[in-house]
Amino acid sequence: MELLLILGISILGLLFAVYLIRDVLRRDTGSEAMQEISNAIKAGAEAFLKRQNMTIIYLSIALGALIYILYAFVRTPNPHDPATTSDLALWTTISFLFGAACSVAAGYMGMWTSIRTNIRTASAATKGMNGALQTALRGGAVSGFFVVAMSLLGVAGLFALIDWMGIVTEPSKIPLLIVGYGFGASFVALFAQLGGGIYTKAADVGADLVGKVEAGIPEDDPRNPAVIADLVGDNVGDCAGRGADLFESTAAENIGAMILAAGLFKANADFFTGQTLLGVLLFPLVARAFGIIASIVGILAVKTNDQEDPMNALNRGFYVTAVLAMVGFYIASRWLLGDEYYFNFFLAGVIGVLTSLAFVFLTQYYTEYKYRPVKSIAEQSKTGPATNIIAGIAVGMESTGYPVLVISAALISAYFLGEHSGLKDAGLFGTAVATMGMLGTAAYILAMDTFGPITDNAGGIVEMSRQPEEIRRKTDRLDAVGNTTKALTKGYAVGSAALAAFLLFSAYFDEVRNYGFSLTHIDLSKPAVFVGAMLGAMLVFIFSSLAIKAVGRAAYAVINNVRDQFKNNPGIMQGTSKPDYGQCVDIVTRAALKEMILPGLLVVFMPIVVGILFKWVFQVSGSPEHGASGAEVVGGLLMVGTITGILVALFLNNGGGAWDNAKKYVEVESQKGTEWHKATVVGDTVGDPFKDTAGPSLHVLIKLLSTITLVMAPLFI
């Protein structure tokens, strides 16, 4: 029954996404001038995503073949294996490829809808705020529901298929065969977020520096040759990239929680008198399924008027979703964990939901111009770009404090609730339930995120098609809200990544023990483990450096192209001839696809090489007292790499967001074109690759390290 419920609600989520697509597509598409601009954005986005997805597909097939070879021919069979060597190799590879395919599909569907929603939002703004708000949110929600429903459907579908085929002797071993699903999702997410982030920020930086600073023309001015590439980048970075990011969060968390649930049932078989192994195993999926229903109600509840701040309407929908998600946790925990033990786990789920709220508010505080941090950057920008940069870096560093305290409080309290639930060894499962709670609102959060690029594009379409000023003011209001929701989602994503990483780290311990290797802790006093830990921290910084440098190199090419077009065609600035938008689109497309390969492969292969190398060193050394197995060294890399990644991601995301809104604060003060404004544009340019390329890509890196170690763990033992 539980499996049927999960599959049924997942399908309901997909059907609701289809309903939203039809609801959005039936809306008005505006004037011919608006359609011309929208079609250019659509063509550029689809061309880039097609080329990026083909690259990702080839890489996924190659890595899938490598996984099969390593499992089938390189790895030594273990008597504790959940299935035969051939079945283990086959199903790990199938689940990896299936996870990759689902992630590509979910990201593509979200972007496909967003590039058709932008013009409908722009057209709706000519009639009223409520229609524009609902159009943008419902278009964004398509991505949210495809991501959450497909991740749930994929995990539940693989579980049901393997169970039906009788591949394993007991259901508790099935999660060990489908860990590849989360790895496949993570692999795609890394390249989608990284490639999209490089694309969007290279175009944005090039457009801003030459257009706004050098030429002194407004943002989204049709005379800027990079403006279409900039608008395309909003979709491929914030829609497709973030969709893949949260898809892998939900997929990996589902599998990690199931591994811990299997361990919980095994340790407490005598206590679970009225509950079945299948019910406890599927509890994480059932709780997440109820989150889909909560998000549906939240989306339908959003409405506003021309006087109200649109952010208030979005917040109301989020509160509705959060409350209903908590109700769903109550039902799922009482039903599947029993009347005697459910309440503490329900509270752990509530802690997860409240943690998501806390991250939303903290991100608002550090990135909205209503509050002290952003105002301090704006104030210090009066003396030039140097003091702007100093203030922005300081705010980014400061912004790591409160989020770390929130994560710490959530983990400790959820662990405490699990430990005192009446079940043995339930502390880690308590933290898993908190992670499930935080991701329970993922569909609505992702709708708010995709809302951002849709409204940004709508504003660009209105500006470039020369619509009346009052229409631009409406889209400006929505665009300002969209900037806030994009920043909030980054905070939510890194918070959920932190909780999910701890969950997956715990699942790694459980998996290693399932294969018969005793690993209860990571001992940093061992030289090999300490080296592994340093390599994990180093990986975060090297990866961030490669991502930021990639944006710089691509932006350099865009800047030179825009300057050349202005120089060679004076009619562009005079408005008598059109720029060649396609040149900039092609430059950033080629640059993004080229630059994403090296940092992506570095993240994938580093844990594998470290694990296999130190396994060999451990075997050759004869297990001395201070020696460490490959599994333990990789555990050190995973632990310290995760901690470092969380802190650096918070710094990059919040620092970049604060720089962006410091510029907007100055613009609101009617200071466009002044030296004060130019200083904030420079800061915003520095912050762009921070908040939209390196920072979001680190969310994926954190979880990819966890999923790749789950898949490759048998090779390190």
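Everything below is about the structure printed above this text.
Figured I'd write up the structure that's included with this text. Model, not experiment: these values are computed from the prediction.

## With respect to the overall build of the protein chain
A tally of helices and strands in the protein chain yields 22 helices and zero strands. Taking 27 Å as the expected radius of gyration for a compact globule of 717 residues, we find that the protein chain reaches 25 Å, a close match to that expectation. Projected onto its principal axes, the C-alpha coordinates of the protein chain cover approximately 75 × 50 × 45 Å. Looking at the protein chain as a whole, 66% of its 717 residues are labelled buried. Within the protein chain, residue pairs in contact and separated by at least 24 positions form 85% of the contacts whose partners lie at least 6 positions apart. Entry remark: accessible area of the protein chain is about 23,600 Å², with carbon and sulfur atoms responsible for 64%. Between the centroid of the 49 positive side chains of the protein chain and the centroid of its 56 negative side chains there is a distance of 4 Å.

## Things to note about the nonpolar core
Generally speaking, nonpolar side chains in soluble globular proteins are found buried as a group. The biggest cluster of nonpolar side chains holds 251 residues, and the ones touching the most others in it are Phe145, Phe183, Phe429, Tyr508 and Met712. Considering each element in turn, this core owes the most residues, 22 residues, to helix 7 (residues 227-267). Here Phe145 is in contact with Gly13, Leu14, Phe16, Ala17, Leu20, Met150, Ile292, Ser295, Ile296, Ile299 and Ala443, once residues within four sequence places are set aside.

## Structural notes on the environment of Gln671
Among the secondary structure elements, Gln671 is positioned in the loop between helix 21 (630-668) and helix 22 (675-716). Judged by its relative accessible area of 26%, Gln671 falls in the partly exposed class. Spatially, the C-alpha atoms of Gln671 and Ile217 are 14 Å apart, while their sequence positions differ by 454 residues. Other than its neighbours up to four places away in sequence, Gln671 contacts Val666, Trp676 and His677.

## Some points on unusual backbone geometry
One non-glycine residue with positive phi stands out, namely Asp425, at about 50°. The topology assignment puts Asp425 in the loop between helix 13 (401-419) and helix 14 (427-439). Asp425 sits in the exposed class, given a relative accessible area of 63%.

## Focus on the packing of aromatic side chains
A complete count under the given rule lists 22 aromatic pairs for this structure. On the numbers, 5.7 Å between centres and 70° between planes, the contact of Trp659 with Phe690 is edge-to-face. With Trp659 in helix 21 and Phe690 in helix 22, this residue pair connects regions lying 31 residues apart in the sequence. Following the ring pairs from residue to residue traces out a cluster consisting of Phe96, Phe183, Phe187 and Phe191. Over the face of the ring belonging to Trp676 we find Lys382, whose NZ or CZ atom lies 5.1 Å from the ring centre.

## Let's talk about a nonpolar patch on the surface
A grouping of Leu12, Ile293, Val297, Val320, Val323, Leu324, Val327 and Ile331 is seen on the molecular surface, where their side chains present a nonpolar patch of about 570 Å² in accessible area. Only helix 8 (277-300) and helix 9 (310-337) provide two or more residues apiece to the nonpolar patch. Broken down by element, the residue count for the nonpolar patch peaks at five residues, all from helix 9. Residue position: Val323 is located in helix 9.

## A few points about the packing of helix 16 (residues 469-514) against helix 22
Packing of helix 16 against helix 22 brings their axes to within 10 Å, and their N-to-C directions diverge by 10°. Between helix 16 and helix 22, the angle is such that the two are roughly parallel. Of the residues assigned to the contact of helix 16 with helix 22, the class counts are 14 nonpolar, four polar and five charged.

## Considering the pattern of salt bridges
Taken as a whole and assessed by the stated rule, the structure comprises 25 salt bridges. The closest approach of N and O atoms between Lys201 and Asp692, which form a salt bridge, is 2.9 Å. Within this pair, whereas Lys201 is found in helix 6 (residues 179-215), its partner Asp692 is found in helix 22, the two being separated by 491 residues in sequence. The two residues Lys201 and Asp692 agree in class, both being buried. Between Lys678 and Glu675 there is a salt bridge, with its nearest N and O atoms 4.0 Å apart. A residue pair is termed a helical-turn pair when its members lie 3 or 4 positions apart in one helix, as Lys678 and Glu675 do in helix 22 at three residues. Accessibility expressed as a relative area gives 62% for Glu675, which makes it exposed. Taken together, the shared-partner salt bridges in this structure form one network comprising Lys201, Asp204, Asp660, Lys663, Lys664, Asp684, Asp688, Lys691 and Asp692.

## Here we look at helix 14
In an α-helix there are 3.6 residues to a turn, and that puts residues three or four apart on one side. For helix 14, spanning 13 residues, the distance from its first C-alpha to its last is 19 Å, which sits close to the expected 18 Å at 1.5 Å a residue. A large share of helix 14 lies buried, amounting to twelve of its 13 residues. Residues of helix 14 that are buried: Gly427, Phe429, Gly430, Thr431, Ala432, Val433, Ala434, Thr435, Met436, Gly437, Met438 and Leu439.

## A look at the environment of Val633
Relative to the assigned elements, Val633 resides in helix 21. The class of Val633 is buried, set by a relative accessible area of 0%.

## Brief notes about helix 22
Given a rise of 1.5 Å per residue, 42 residues ought to cover 62 Å, and the 57 Å separating the end C-alpha atoms of helix 22 matches this to within 8%. Within helix 22, 38 of the 42 residues are buried, which leaves the element mostly enclosed by the surrounding structure.

## Observations concerning the side chain of Ser38
Relative to the helices and strands, Ser38 is located in helix 2 (residues 32-74). Sequence-distant contacts of Ser38, that is, excluding residues within four places in its chain, are made with Ile115, Asn118, Ile119 and Ile461.

## Thoughts on the environment of His420
By the secondary structure assignment, His420 is in the loop between helix 13 and helix 14. Between the C-alpha atom of His420 and that of Phe345, which follows or precedes it by 75 residues, the distance is 9.9 Å.

## Some points on the side chain of Glu595
Looking at the element boundaries, Glu595 is found in helix 19 (residues 581-595). When its relative accessible area of 15% is taken as the criterion, Glu595 is described as buried. Excluding its chain neighbours within four sequence positions, the residues that come into contact with Glu595 are Ile198, Ala550 and Arg553.

What counts, and where the lines are drawn
- Residues numbered from 1 in each chain as written.
- Predicted model: local features only at pLDDT ≥ 70, side-chain atom pairs only at ≥ 80, totals over all residues.
- Heavy atoms only, no water.
- Helix = DSSP H or I, 4+ residues; strand = E, 2+ residues; numbered from the N terminus.
- Rg over C-alpha atoms; globule rule 2.2 N^0.38 Å.
- Buried < 20%, exposed > 50% of the residue type's maximum accessible area, 1.4 Å probe, protein only.
- Contact = heavy atoms within 4.5 Å.
- Areas by Shrake-Rupley, 256 points an atom, 1.4 Å probe, with all protein chains shown as cover.
- Lys, Arg positive; Asp, Glu negative; His and termini not counted.
- Charge placed at Lys NZ, Arg CZ, Asp CG, Glu CD.
- Core = buried A, V, L, I, M, F, W, Y, C linked by side-chain atoms within 4.5 Å.
- Phe/Tyr/Trp six-rings, centres within 6.5 Å; stacked < 30°, edge-to-face > 60°.
- Lys NZ or Arg CZ within 6 Å of the ring centre and 35° of its normal.
- Patch = residues over 30% accessible without salt bridge, like charges linked within 9 Å, V, L, I, M, F, W, Y side chains within 5 Å.
- Salt bridge = Lys/Arg side-chain N within 4 Å of Asp/Glu carboxyl O.
- Axes fitted to C-alpha atoms, helices over the stretch in contact; angles between N-to-C directions.
- Parallel < 35°, antiparallel > 145°, perpendicular 65-115°, else oblique.
- Nonpolar A, V, L, I, M, F, W, Y, C, P; charged D, E, K, R; others polar.
- Expected span 1.5 Å × (residues − 1).

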